[in-house]
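Residue-level listing of the chains:
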Amino acid sequence: MIAASEVWDWIAFIDAGDTLSADATFRVERAIADHPEWQVIYSDEDSLTADGEHVNPHCKPDFNIDYLRSLPYVGGLLVIRRDLFLELGGFDPAADGAEDYDLVLRAWERVGDAGIGHIAEVLYHRRQGGGHCLLSVQEILAASKAALERHLRRLNIAAEVLPGPFPPATRVRYPLTSTPVVSIVIPTRNQLPMLQRCVESVIEKTRYPHYEILIVDNDSDEPEAVKYLELLAAQEESFGGRLRVIRHPGAFNFSAMNNRAVDLARGEYILLLNNDTAVLHEDWLDEMVSQALRPEVGIVGAKLLFPDGRIQHAGVILGLCGPAEHPFIGQPAEYRGYFGRAMLTQNLSAVTGACLLISKALYQAVGGLDEHDFRVSYNDVDLCLKVREQGKKIVFTPWAILLHEGSASQRGGVENKPNPEKEKRFAGEKMAFYRKWLPQLAFDPAYNRHLSLAGSGFLLEDQAALTWDPAWRPRPRILVHPADREGCGEYRIIAPMRALQRAGRVQGWETMRIFEPAEMERFSPESIVVQRQMEWPQIEALERHKALSRVFRVFEIDDLITNLPVKSLHKAHIHKDIAKRFRKAAGLCNRLVVATEPLAEAYRGFSDEVRIQPNCIEDAIWGGLSPRRRGDSKPRVGWAGGIGHTGDLELVADVVRDLSSEVHWVFFGLCPDALKPYVQEFHPGVPLAQYPAKLASLDLDLAIAPLEDNPFNEAKSHLRLLEYGILGYPVVCSDIFPYQGDYPVWRVANRYRDWIKTIREVLADRETLASAGDVLREYVRKHWLLESRLDDWLGAWLP
């Protein structure tokens, strides 16, 4: 135990043999400075194997009292204010073996939820097989149970502590101190077999004594369903008023149906229940009401299983797979989940409305289900979030288990077949939910930012940028989306971001995955750069970014994609409506960035602002490459390019043929069959990462860069000159716009006699030719190194 010296304001406890991360003290210091209300702090943790491997990361929720009562999850690094530690009397000797668990419980009793902070970073590494505790596992479990029992007694809660589904988990069974009337509201339309099963299972299997059933019918028209509802309505008196049929005609509005029933309900509590559910165990409502009677609880949700026994609902995670989703869907009923999260009572941000208990007074105080913005979708999650805003807890209990088909109630007889109107309605409700709750969706306190919002939930995030501390922003945050991982994406997006990161100029992230709104909110960049994003899902993502985020949007393109050459092999694969798509996408952005002046002129009307950012060459990749000058009897003359350059090669086909006896032709990437008899050396294309070294290995005495004279090529950049030049290759090139200017190269008209004459002349003096290559290399290094022009790239990408 560490003595509480007077010179310390805070005390940190770790177990012998365990270690802290390198940044642990920095993170804790920041947390103390940023959160003066915190008096106890805990962090995420993992395990450290004997050979130094980090395993089993535990990415914990923010403080969660019901989860803590189910599992002593805080663990690991525990930091507490010295004065609070002394005020609590330090560790309790009676809690030996569970002293830290006992301390956290007692601290919470004093400072509440707001006083206990969570640092969502793995700062603590628990050594596997470590620890020097002399107590047995059973003694430690008993000490934990006793600490929890003392905690409940101090709060005057006459609850029973039972073993949980696995050690060291526990179940706190709260007393049913009263049995207020519960109004069970079941919306329906047709679907007689499910409705009948639901109603009869409630009546036959519910032990709880005081409830009524309100069936809300929305224009059922199937004869058997109509007959059943009329029969129930006729027997209302025989049920003693405990079962009523409420007619709710008109357009399907799930929220309005429930609200209507709540207005007519006689119960003190409301149980929203879908008609495709069924009761499985007689104590289900006892468990839910016992939780709801706790004064701090606003809503209670149950565990729901598909008919085959797999999990349908074990809570809702905000931002998961869109606005919100259930984790663990499809897992076996006994699936433990991430550190017990599928099997333990806990506080969540939301539970499903398929089986949801709330007091009538609270339901009405927050406005019930939203009939306007969320007629069918997201109304239950919206209700939970409104209740949370009132300071009430949302409790998920796995000890109330029902069957649930899944979404059938909200489909009814009118929602079961997709059509454009319903798709439009769903999209509108989804967007309305994002607009209302987006900041909360990104950072669900019952989740963790190191856990992914994609997939089935509770999976580690593989996009590191989405895990970054939202408050720690030492540099501008930029998100970039390359169109590909070939030349275009590399030179215009990937390489500039790499160089900016290496120079410490940005907190940047490069990915080809489109982030959902909650993910974008997690990262919250100042700027997003999208390259050639013209598929409709990509355009729809831009629309969402514009509608939901203040992010500055940059559209990037470096080809005249609206006017491909007739000979281009890509022309057949381009969308016929590419100009429409491009104009739409660029118009959704604040700025259009292009590589050349002709592109800027061609696309001037596509965006309010068009900026030219020329291509550069990355010194870190190219600068260390040093081709040899072989001094062969025949000079090595080369060309590099791909299938998009077929038309360019046709310009010099006769030149290649007629010089084949005078030079050693070296082609890299593409060599048409007609030229193969005249090319002495052909190198197939290589992966992009190998391209610079491969180009350097050609050891050329002269490189040629023919460009067909057409609008597409006029708008191209000088990139090929930069690639040749950084390697010291002298260049003969076409005299068209991309290669014009002060580059020290030989420019020729696209005529046979000019090409062949110039090549022969420059090859006549090999020493002068080599010097020309050196001059070009120095020119490129002086003017066009990426690392020297990072301010230009930042200017193009940031607002």
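Note that the structure is predicted; figures quoted are calculated from it, not measured.

Enquirer: Looking at this structure, how should I read the sheet that holds strand E32 (residues 746–748)?
Expert: The strands that make up a sheet pair up through hydrogen bonds in the backbone, lying either parallel or antiparallel. Taken in spatial order, the six strands of this open sheet run E29-E28-E27-E30-E31-E32, and their pairing is parallel. Each edge of the open sheet is held by one strand with a lone partner, namely strand E29 (681–684) and E32. Sheet twist, expressed as the average angle between the axes of neighbouring strands with direction ignored, equals 20 degrees. Across three bridges, the pairing between strand E30 (residues 702–705) and strand E31 (residues 731–734) is parallel. For Ile704, the partnering residue across the bridge sits in E31 and is Val732.

Enquirer: Could you clarify how one ought to interpret helix H26 (residues 766–783) in this entry?
Expert: Spacing of three or four residues puts side chains on the same side of an α-helix, whose turn is 3.6 residues. Relative to the 26 Å expected for 18 residues at 1.5 Å per residue, H26 spans 26 Å between its end C-alpha atoms, a close match to the ideal helical length. The set of residues buried in H26 consists of Leu769, Ala770, Ala772, Gly773, Leu776, Tyr779 and Val780. Where H26 is buried, its residues touch E30, helix H24 (719–726), E31, E32 and helix H25 (752–763). At the N-terminal boundary of H26, the capping side chain belongs to Asp765, with an oxygen 3.2 Å from the backbone nitrogen of Glu767.

Enquirer: What is the right way to look at the side chain of Glu681 in this model?
Expert: Along the chain, Glu681 falls in strand E29. Looking at Glu681, its side chain comes within polar contact range of the side chain of His664, at 2.8 Å. Setting aside its immediate chain neighbours within four residues, Glu681 contacts Arg636, His664, Trp665, Val666 and Phe667.

Enquirer: Could you clarify how one ought to interpret the packing of helix H6 (residues 192–205) against helix H7 (residues 223–234) in this entry?
Expert: Running from N to C, H6 and H7 cross one another at 25 degrees; their axes reach a closest spacing of 9 Å. With respect to each other, H6 and H7 are oriented roughly parallel. Facing Leu192, Leu195, Gln196, Val199 and Glu200 of H6, the residues of H7 in contact are Glu224, Ala225, Tyr228 and Leu229. Within the contact of H6 with H7, the residues separate by chemical class into six nonpolar, one polar and two charged.

Enquirer: I'm lost on the environment of Val245 in this one. Help?
Expert: Tracing the sequence through the fold places Val245 in strand E11 (residues 243–247). For the pair Val245 and Gln235, spaced 10 residues apart in the sequence, the C-alpha separation amounts to 10.0 Å. Leaving out residues up to four positions away in the same chain, Val245 has contacts with Ile215, Leu229, Leu232, Ala233 and Glu236.

Thresholds applied
Residues numbered from 1 in each chain as written. Predicted model: local features only at pLDDT ≥ 70, side-chain atom pairs only at ≥ 80, totals over all residues. Heavy atoms only, no water. Pairing = 2+ DSSP bridges. Helix = DSSP H or I, 4+ residues; strand = E, 2+ residues; numbered from the N terminus. Axes fitted to C-alpha atoms, helices over the stretch in contact; angles between N-to-C directions. Expected span 1.5 Å × (residues − 1). Buried < 20%, exposed > 50% of the residue type's maximum accessible area, 1.4 Å probe, protein only. Contact = heavy atoms within 4.5 Å. Polar contact = N/O pair within 3.5 Å; in protein donor to acceptor, adjacent residues only side chain to side chain. Parallel < 35°, antiparallel > 145°, perpendicular 65-115°, else oblique. Nonpolar A, V, L, I, M, F, W, Y, C, P; charged D, E, K, R; others polar.

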